[in-house]
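# Architecture and fold: a report
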Amino acid sequence: MDKLVEGLLAQVPLDYQPVAIIAAGLTALLLLLLATNWIVGGNRSRSKKTSAKRLDRDHKIQSETYRQASREAAAKVKSLEQKSNTVVIEMIHDTDFDEYRPDAARPHISFDEAFKIIRRIESAKKGDIFLILHTLGGYSMPSIMIADAIRQHRMDKGKVTAFVPRVAMSGGTIVALACDCVWMGKTARLGPIDTMYGSLSGQSLRVLKDHKSTELQDDGTILHSLESKKYDVFYQAELLRLVDAKNLDAKIYDGSLSHSNLFNRDDAENYGIRVLPRKSKLGDKSAKIDSRTKELQEQLSDLGGLAKELVDLRLAMIANYRDRDAEPPPAESSESTKPQLVA
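Attention here is on the structure that accompanies the text. (Residues numbered from 1 in each chain as written. Predicted model: local features only at pLDDT ≥ 70, side-chain atom pairs only at ≥ 80, totals over all residues. Heavy atoms only, no water.)

### As for the overall build of the protein
In terms of regular secondary structure, the protein is built from 10 helices and eight strands. Across the 343 residues that make up the protein, the buried fraction comes to 39%. Sequence separation of 24 or more characterises 74% of the internal contacts of the protein that already satisfy a separation of 6 or more. Taken as a whole, the protein presents about 19,600 Å² of accessible surface, with 55% of it coming from carbon and sulfur. (Helix = DSSP H or I, 4+ residues; strand = E, 2+ residues; numbered from the N terminus. Buried < 20%, exposed > 50% of the residue type's maximum accessible area, 1.4 Å probe, protein only. Contact = heavy atoms within 4.5 Å. Areas by Shrake-Rupley, 256 points an atom, 1.4 Å probe, with all protein chains shown as cover.)

See the structure below:
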């Protein structure tokens, strides 16, 4: 190679040899860049194809998981209805809702969902309803409207039992309290039902105003305190109309507790919530329960297990919502100015 280069340079006049050396170097560098680009481009193209295949495979897996969970969920609903001779109504939300899965499921109780659930309750013939809840709450008025529909069904048609396998906070607790009784899983949680304004309760807003001297109270502080007081008076009166509160601890709804408090089954019983007794308490002769409730309690292990499985299947559908052939839920309406039950 050295002799070849020396031979080529010998044919170039001495004055042009530096230029020839530079030109040769640039040509070699250009060829090297072209070769590198070809190699990298080929690798990038292969990588894109591999990624596309992987995404397509993942999409198919997710879609099949979604469809399989949907089929199993439908079977669980049918089994629940047949075994309990009830109508099963679900209010199962995406408790891990984020912007990357906007179509997966509703993240909270809304007016749109309330109207649909109310129609289901109203269309149910005389008989009992199982209401399966998995939610962190939502807007106060839709929750009250669902509770009112439950009250009407209880007065005219039959019993309504709330099943809470995992969690029913805030507005979900309102709906559960409106039912005849609440079945809770071993690790299930309920929560306070005081109204929230953004991230603060009405009681907190009023305490804030009272702790400020008059000269430090701006218009916003005064108005928020006044409006929260007016709404809370209405809300608590409406709540006590819909819920049998004679044994209910006022701390659940008066803002005394943090809205993030969690009630397990023992806590719920201590707060006066009508929680169906554990299986170990079924033989307790001192328990004042009617025959229908006792009969229902004897089925709880089986029915509660089905309810848990149904919630888990719905959550699997939420996590794998990639089947664009399925009809996505309608977009939520803007309700940000309304009093909320979730922070």
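That shown, we press on.
### Comments concerning the sheet that holds strand β1 (residues 86–92)
The sheet built from four strands is open, its strands ordered β1-β2-β3-β5 with parallel pairing. Of all the strands in the sheet, the pair left with one neighbour each is β1 and β5 (181–184). Each strand of the sheet is rotated relative to its neighbour by a mean of 20 degrees, with strand direction disregarded. As defined by bridge partners, β1 adjoins strand β2 (residues 128–134) across seven bridges and the pair is classed as parallel. Within β2, the position partnered with E90 by the bridge is I132. Where helix α4 (residues 140–156) meets the sheet, its contacts fall on β1, β2 and β3 (160–164), and the angle it forms with β3 comes to roughly 135 degrees. Strands β1, β2, β3 and β5 of the sheet are contacted by helix α5 (residues 171–178), whose axis makes an angle of about 160 degrees with β2. (Pairing = 2+ DSSP bridges. Axes fitted to C-alpha atoms, helices over the stretch in contact; angles between N-to-C directions.)

### Here's the deal with the environment of F111
Looking at the element boundaries, F111 is found in helix α3 (residues 111–123). Here F111 falls in the buried class, since its relative accessible area comes to 17%. Taking C-alpha positions, F111 is 7.9 Å from M141, a pair spaced 30 residues apart along the chain.

### Details of the packing of aromatic side chains
What the rule picks out here adds up to four aromatic pairs. Ring plane angle 45 degrees and centroid distance 4.7 Å describe the contact between F130 and F163, whose orientation is recorded as tilted. Taken as a pair, F130 in strand β2 and F163 in strand β3 lie far apart in primary sequence, 33 residues in all. Exposure remark for F163: the relative accessible area of 1% places this residue in the buried category. Here F263 and Y271 contribute two aromatic rings whose centre-to-centre distance is 4.7 Å and whose plane-to-plane angle is 45 degrees, an arrangement assigned as tilted. Per residue, the accessibility class of F263 equals that of Y271, and both read buried. These aromatic residues form a ring-pair network of at least three members: F130, F163 and W183. (Phe/Tyr/Trp six-rings, centres within 6.5 Å; stacked < 30°, edge-to-face > 60°.)

### Some details on a nonpolar patch on the surface
A contiguous nonpolar surface patch, about 410 Å² in accessible area, is contributed by L26, L29, L32 and L33. Its place among the elements puts L33 in helix α2 (residues 17–84). (Patch = residues over 30% accessible without salt bridge, like charges linked within 9 Å, V, L, I, M, F, W, Y side chains within 5 Å. Salt bridge = Lys/Arg side-chain N within 4 Å of Asp/Glu carboxyl O.)

### Describing the packing of α4 against helix α7 (residues 219–242)
With their axes 10 Å apart at the nearest point, α4 and α7 run at an angle of 20 degrees to one another. By the angle class used here, α4 and α7 are roughly parallel. In terms of crossing hand, the pair formed by α4 and α7 is left-handed. In this structure, α4 contributes S140, M141, I144, A147, D148 and R151 to the contact, and α7 contributes Y231, F234, Y235, E238, R241 and L242. Residues that form the contact of α4 with α7 fall into these classes: seven nonpolar, one polar and four charged. (Parallel < 35°, antiparallel > 145°, perpendicular 65-115°, else oblique. Left-handed = near helix turned anticlockwise from the far one by under 90°. Nonpolar A, V, L, I, M, F, W, Y, C, P; charged D, E, K, R; others polar.)

### Describing α3
Along its 13 residues, α3 runs 18 Å from first to last C-alpha, staying within 8% of the 18 Å computed at 1.5 Å per residue. When we look at burial in α3, the residues that qualify are F111, E113, A114, I117, I118 and I121. Looking down the long axis of α3, one finds its buried residues gathered within 150 degrees of arc, a one-sided arrangement. Residues of α3 that are buried sit in contact with β1, β2 and α4. (Expected span 1.5 Å × (residues − 1). Arc of directions from axis to C-beta.)

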